[in-house]
Structure formats: C-alpha cells, structure tokens
Amino acid sequence: MLNAKYHEKEAGIIAQAGQPGAATVATNMAGRGVDIVLGGSADGQSELEWQEKHNKIVEVGGLHIVGTERHEARRIDNQLRGRAGRQGDPGSSRFYVSLEDDVVRRFGGDRIKGWVGSLMDEDHPIENALVNRSIESAQVRVEGYHFDMRKHLVEYDDVVNQQRELIYDERRKILSGADLKANILSMVKEEIQDMVAAHISHERGIDWDLEGLIADVSTIFPLPPVLNAGALSQLKSKQIEDRLIEQAEALYEEREKEGSDNMRVLERLVMLRIIDMLWVEHLTMMEHMRQGIGLQAVGQRDPLVAYKREGHNLFQNLLSTIQHDVVHSIYHVGIARRETAPKPPAPVQAGGNGKKQRLKVGGKKIGRNDPCPCGSGKKYKHCCGR
C-alpha cells in the first residue's frame, strides 16, 4: 500500500510493484512521478530472469489500473491512467464510480440513482456512454469553478499587491537613508494647511475658530505665547498658515541643532514604526473585508469592483493616518542614550587556603550551573564564578 507516509519503504514497494501477480493499493499520490517497471526492479536478479518476467507480463496485457472514483479534475484521472502503457509497454485502465460519489451528485446523481434503481438491481454495473459523458461534463464544470476561484483569488490579491509595492518602496527608501527631513516637513505643512482650512474660512474674521486652531496645532508642536488668538486674528488666513508653518520649521531646526545624526535616526525610527504598525492593521481590515465582500452580489453588484473601491478608500485612509501619526509624533519623541552600568566585580570570596568559595545569596550557595546573580544571563561558572 502507498499512502506517502513511509517514503523509504514505499520506494521498495514501487520498485517491485511490477512483479507478476503483484497488486498495489495507492491513494492518488501515485498518479504522478511513479514509474512501475514491468517485471520489477532488475536488482538482485539476472538479466535473463528479469526479461522472462517482463515478457510474461507483456503477454498478459501489462499493468492494469483500477480506479475506484473519478476525481474533480480530469488531470488527476489522466495521471493515474498514465501509470500504465509507459515506454511502449502495453497497459489498460478501468474506473468505477458510485452514484453516491460527490462528482456524480454534482450533475444530478440522486435523480439518476432513482430511475436506475427502478430499472435494474444494485448488483449489476451501469455501463453507458451517456454516464461517462455526464461525469466528464461534471468534471469540466468543477474545473471551471476551481479555475474561477483561483482567478478571483489572484485578482483580489492584485489589489493588495499594488498597495504592498507602494508601502515597501517607502520602507526601502527609509532604510536606504533617503532624505526624510523634507518629506516630514512636507507632511507637517499639509497637516497645518488642513487645520487652517478646517477652522478658518476665506472671509476674514467670519466664523473663525482660532481657539480650536491653536488647540489642534498644539497637538503637533508647542506654540509660543505670542501666537495666541488675539495675534492671529489680526492676520489673514494665508498669513496665519504661513506663520504656523514658519514656526514648525524653526522648531524643527532647533531640534536638529541638538544633533543632526540623532535627528536622522529619530526620523527613520518614527517612520518605520508607524508604517509597520498601521500596515499590519490595514492588511487585517482588507482580509476581513474580502471575506464578506461576496455579499455585494446579492445587491447585483460585482464583488471585485466593490473590493477595489473599498480597498482604495482604505488605502487612502492609511496614507492619511500615517501622515497624521508621523506629524503628531516627531515633535514629541527623542533619543536618550543610556550608559550601561559597569559589570560588578566577581563576587568570589577567598578562603584561608586561597581557594575560591561559591557566593551565598540569602544564605544559600549558588550552583555552578545556576544563572549568575549579576544579571548577565550566563551561567555562574562562565561569569562571576570563573
């Protein structure tokens, strides 16, 4: 029997499966890559003995394949048939199908089972070209169904793949040391422009929410006392926007004076952390949406078109969220360098005879293989117990 569980043993079974009178039972895993030599393997027997066995099997018709079902794909059936009649040798195959098999039920097996049962008893096989054509027709429909599933899977994945390429391109730019300063300042500028547009109309002084604008901008960076509601009310909307952008750039320059190298590292860390975190959340939302997007067909809408539209909206929201989080984080984080504490001296007590004694903690001696109490993570014998 072949079931792909004992590979070394099954290799020997296949080698001798062509012996006269041998019957090999196998799952459909034997439908590809299995070559059964008529007469068995020539190892362990002379050329004359093997040739006699080979000729004997050829005379009686060669290898015969018995299939106990028809698979959903005709390709698998053909691969099983192809084990016989190889390299010019004779062979034959015969497939048996039950009316209760899934592939038969797909084209009305219960109906056929009803009228067949009324015409003949169950001990006689049904042999008819119409049955064969019907089964092949069912296989064609199943193959088409599976092909459409794979095709739709690729089409759905293309939507995410386009987004993935854009995100990964940005990550590669960040990791390759691209100029992130100009990119981040551009994000800050866009955020300020959106805030000004949301709180200030084009008409001067009409429906201006300067307090709300100051509160929103303060979540990005601290404003000096001179930039209060009274001072901003004397300016036009464009002047207010320019003044806030100047303040943001000036504050960024002040932070960079503290250390340009630290600022470059900080920019990369902030961008990578925010992009990675939000990208994972975006993929989760896209997967949840794909699982339920098929319900759009109930409303006579193409699920793929709906998936592309909703996916585009989610991706635009992702980009907006990345910009928002970067802008609201870059002015509030910093890099702190911590000095590592010096390693404490080896806690070894010298005895009167000059030999090392084991350290006692809480009145209990530390074993040589116990973790070292200095916190290095090494065993005591490889650290302070040397």
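Below is a short write-up of the structure. Please read these numbers as outputs of a predicted model, since none were measured by experiment.

**Points about the overall build of the protein**
Okay, step 1: A count of helices and strands for the protein gives twelve helices and six strands.
Okay, step 2: Here the protein, with 386 residues, has 30% of them falling under the buried criterion.
Okay, step 3: For the protein, restricting intrachain contacts to residue pairs at least 6 apart in sequence, the fraction spanning at least 24 positions comes to 62%.
Okay, step 4: Carbon and sulfur atoms provide 52% of the accessible area of the protein, an area that totals close to 25300 Å².

**Observations concerning the packing of aromatic side chains**
Okay, step 1: For the structure shown, the criterion picks out three aromatic pairs.
Okay, step 2: Judged by centre distance (5.5 Å) and plane angle (50°), the rings of Phe221 and Tyr331 are tilted. In this pair, Phe221 sits in the loop between α8 (210–218) and α9 (229–232) while Tyr331 sits in the loop between α12 (303–330) and β3 (349–350), placing the two residues 110 residues apart along the sequence.
Okay, step 3: Given the relative accessible area of 0%, Phe221 is considered buried.
Okay, step 4: Each ring, one from Tyr252 and one from Tyr331, has its centre 6.0 Å from the other, and the planes form 80°; the classification is edge-to-face. You can see Tyr252 sitting in helix α10 (residues 237–257) and its partner Tyr331 sitting in the loop between α12 and β3, a full 79 residues away along the chain.
Okay, step 5: Judged by its relative accessible area of 8%, Tyr331 is buried.
Okay, step 6: Aromatic rings pair up to connect Phe221, Tyr252 and Tyr331 into one cluster.
Okay, step 7: Across from the ring centre of Phe95, 4.7 Å away, lies the NZ or CZ of Arg81, which sits over that ring.

**A few points about the side chain of His71**
Okay, step 1: If you trace the backbone, His71 turns up in the loop between β1 (63–67) and α3 (74–81).
Okay, step 2: Taking relative accessible area as the criterion, His71 reaches 11% and is therefore assigned buried.
Okay, step 3: Within the structure, His71 has its side chain in polar contact with the side chain of Asp77 (distance 2.8 Å).
Okay, step 4: For His71, the residues in contact, after removing those within four places along its chain, are Asn28, Ile76, Asp77, Leu80, Val103 and Gln139.

**Quick look at the pattern of salt bridges**
Okay, step 1: With the rule as written, the count across this model stands at twelve salt bridges.
Okay, step 2: With a shortest N-O distance of 3.4 Å, Lys238 and Glu241 are connected by a salt bridge. On the criterion of helical spacing, the pair formed by Lys238 and Glu241 is a turn pair, its members being three residues apart in helix α10.
Okay, step 3: Accessibility expressed as a relative area gives 49% for Lys238, which makes it partly exposed.
Okay, step 4: By sharing partners, the salt bridges in this structure join Lys181, Glu253, Glu256, Arg264 and Glu267 into a single network.

**Description of the nonpolar core**
Okay, step 1: Membership of the largest hydrophobic core comes to 44 residues, with the highest contact counts inside it found for Leu213, Phe221, Leu244 and Tyr331.
Okay, step 2: Elements represented by at least two residues in this core include exactly α6 (129–175), α7 (180–199), α8, α9, α10, α11 (260–292) and α12.
Okay, step 3: Of all the elements, α11 adds the most residues to this core, at nine residues.
Okay, step 4: The residues touching Phe221, leaving out its near neighbours within four places in the chain, are Ile192, Leu244, Gln247, Ala248, Leu251, Tyr331 and His332.

Conventions and cut-offs
- Residues numbered from 1 in each chain as written.
- Predicted model: local features only at pLDDT ≥ 70, side-chain atom pairs only at ≥ 80, totals over all residues.
- Heavy atoms only, no water.
- Helix = DSSP H or I, 4+ residues; strand = E, 2+ residues; numbered from the N terminus.
- Buried < 20%, exposed > 50% of the residue type's maximum accessible area, 1.4 Å probe, protein only.
- Contact = heavy atoms within 4.5 Å.
- Areas by Shrake-Rupley, 256 points an atom, 1.4 Å probe, with all protein chains shown as cover.
- Phe/Tyr/Trp six-rings, centres within 6.5 Å; stacked < 30°, edge-to-face > 60°.
- Lys NZ or Arg CZ within 6 Å of the ring centre and 35° of its normal.
- Polar contact = N/O pair within 3.5 Å; in protein donor to acceptor, adjacent residues only side chain to side chain.
- Salt bridge = Lys/Arg side-chain N within 4 Å of Asp/Glu carboxyl O.
- Core = buried A, V, L, I, M, F, W, Y, C linked by side-chain atoms within 4.5 Å.

This is a description of form; function is not addressed.
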